[in-house]
Every structure is written in structure tokens, then in C-alpha cells.
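Topology and contacts: notes
Next come the chains, spelled out residue by residue.
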Amino acid sequence: MSVEMETCPASAPFFGFMGVTSALVFANIGAAYGTAKSGVGISSMGVMNPGLVMRNIIPVVMAGVLGIYGLIVAVIIQGSIVAPQNGLSQYSLYTGFAHLAAGLCCGLSGLAAGMAIGIVGDAGVRAVGQQEKLFVGMILILIFAEALGLYGLIVALILSQNSYVCEGNN
């Protein structure tokens, strides 16, 4: 008994569009969480030491960059999705799955990085408000948290380049 699958079904672009969606949505959830959590810490610290508010805005900026990572991957994947021609799909399941993997890789890495940045940013800016010598340590921890999102972006860019061209005879 053999099972034969169509390599270029009409449903294949769904997976590519889900990659676009997951890259942008999950990265933006991470960015929003990181911004909100860090912002709460900055507001709390600013009551006691208002002179340090602008210096401690860095976690908010770093969280915002995660949303840009998701936007970059979403635009790249979207530009690779090919519309059907003459009633035949030009977009393969292989390409759709690669684009879904790329979107999930970037989006979920951005979500994890945003959570890390939010938690570190919140506690870090409060600590810096009490002891300014902790600033460099907080920045180093934030850099390592941001790197998690950057790793997801890099792998997503590599995955997004995988494709299989349909010949139109499926």
C-alpha cells in the first residue's frame, strides 16, 4: 500500500501565511511584555530617583527591537509566497513548512527574549535606582537576553531561504 501526497496543493500557502503571522504576533507579544514590565520598573524607580529615568530606558528600547525582528521575518516570508497561476499552485508544502518553521523560530525566540528582558529590566532598573554601580551588570544581562531573539532571527532568515519550486504538473 502506497500513500502519495501532492507536493504543491492549494492549501500550501496557508503554512507560509501562518509563518508570517507567528513571526509578527509572537515577537510583538514579547516586545509588548518586555516594554510593559520594564516600564513598570522604570515608573516605580522614577518616583525615588527621577534623574535616572532616561538612563534606565534601555530595557524598553531593547524590547522594542524584538518587534522589529518579527517584522523583518514576516516581510521576507510574505515576499516569498507565490500566488497560484492558471489554477495551479506554485507554492510547495516544503516551502510552506520552511516558512512556518522560520516564523515560529523568530516569533517564539522573540517571545522568550521579551519575557527575559521584561523581568530583568524591571528588577534591574529598580536596583540601579538604589545602587548605580549595578547599571553595567544590568546592561550585560539584557544583552544576553536580547541575543536570544537575535538567534531566532538568524535561524529564521536561513530557514526562510529554503524552497521547492513547483513545476505546475501536480
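Since we're looking at a predicted model, the values are computed, not measured.

1. Regarding the state of the cysteines
Applying the stated criterion to the full structure yields one disulfide. As a non-bridged cysteine, C105 has C106 as the owner of its nearest cysteine sulfur, 7.5 Å distant. You can call C105 partly exposed: its relative accessible area is 23%.

2. A few points about the packing of aromatic side chains
Geometrically, a pair of aromatic rings is defined through the distance of the ring centres and the angle of the planes. Per the stated rule, a full pass over the model turns up two aromatic pairs. Between F14 and F15, the aromatic rings sit 5.4 Å apart at their centres with planes inclined by 75°, giving edge-to-face as the arrangement. The class for F15 is partly exposed, based on a relative accessible area of 23%. Ring centres of F15 and F97 lie 4.8 Å apart, and the angle between their planes is 65°; on these two criteria the pair is classed as edge-to-face. Of this pair, F15 sits in helix α1 (residues 12-48) while F97 is found in helix α3 (residues 93-130), placing the two residues 82 residues apart along the sequence. Among the aromatic residues, those joined into a ring-pair cluster are F14, F15 and F97.

3. Details of the nonpolar core
If you look at the biggest cluster of nonpolar residues, it comprises 30 residues, and the most contacted ones within it are L66, V73, I77, I117, M138 and L142. Among the elements of the structure, α1, α2 (58-80), α3 and α4 (135-159) are those that each provide at least two residues to this core. Filtering out sequence-adjacent residues up to four positions away, V73 remains in contact with A23, A102, C106, L153, A156 and L157.

4. Considerations on the UniProt feature "transmembrane region" (unreviewed entry) in the chain
Sites flagged by UniProt as "transmembrane region" (unreviewed entry) map to residues 12-36, 57-77, 97-122 and 134-159. Counted over residues 57-77, helix gives 95% and strand 0%. Its end C-alpha atoms are 32 Å apart.

5. Things to note about the side chain of H99
Counting through the fold element by element, H99 comes out in helix α3. Side-chain polar atoms of H99 contact the backbone oxygen of S160, separated by 3.2 Å. Leave out the neighbours within four places in its chain, and H99 touches G16, G19, I77, S80, Y91, S160 and N162.

6. Remarks on α4
End to end, α4 covers 37 Å across 25 residues, agreeing with the expected 36 Å (1.5 Å per residue, within 8%). The complete set of buried residues in α4 reads F135, M138, I139, L142, A145, E146, A147, G149, G152, L153 and A156. For α4, the elements touching its buried residues are α2 and α3.

What counts and what doesn't
- Residues numbered from 1 in each chain as written.
- Predicted model: local features only at pLDDT ≥ 70, side-chain atom pairs only at ≥ 80, totals over all residues.
- Heavy atoms only, no water.
- Disulfide = S-S within 2.5 Å.
- Buried < 20%, exposed > 50% of the residue type's maximum accessible area, 1.4 Å probe, protein only.
- Phe/Tyr/Trp six-rings, centres within 6.5 Å; stacked < 30°, edge-to-face > 60°.
- Helix = DSSP H or I, 4+ residues; strand = E, 2+ residues; numbered from the N terminus.
- Core = buried A, V, L, I, M, F, W, Y, C linked by side-chain atoms within 4.5 Å.
- Contact = heavy atoms within 4.5 Å.
- UniProt positions renumbered as here; feature names shortened; annotations may be inferred.
- Polar contact = N/O pair within 3.5 Å; in protein donor to acceptor, adjacent residues only side chain to side chain.
- Expected span 1.5 Å × (residues − 1).

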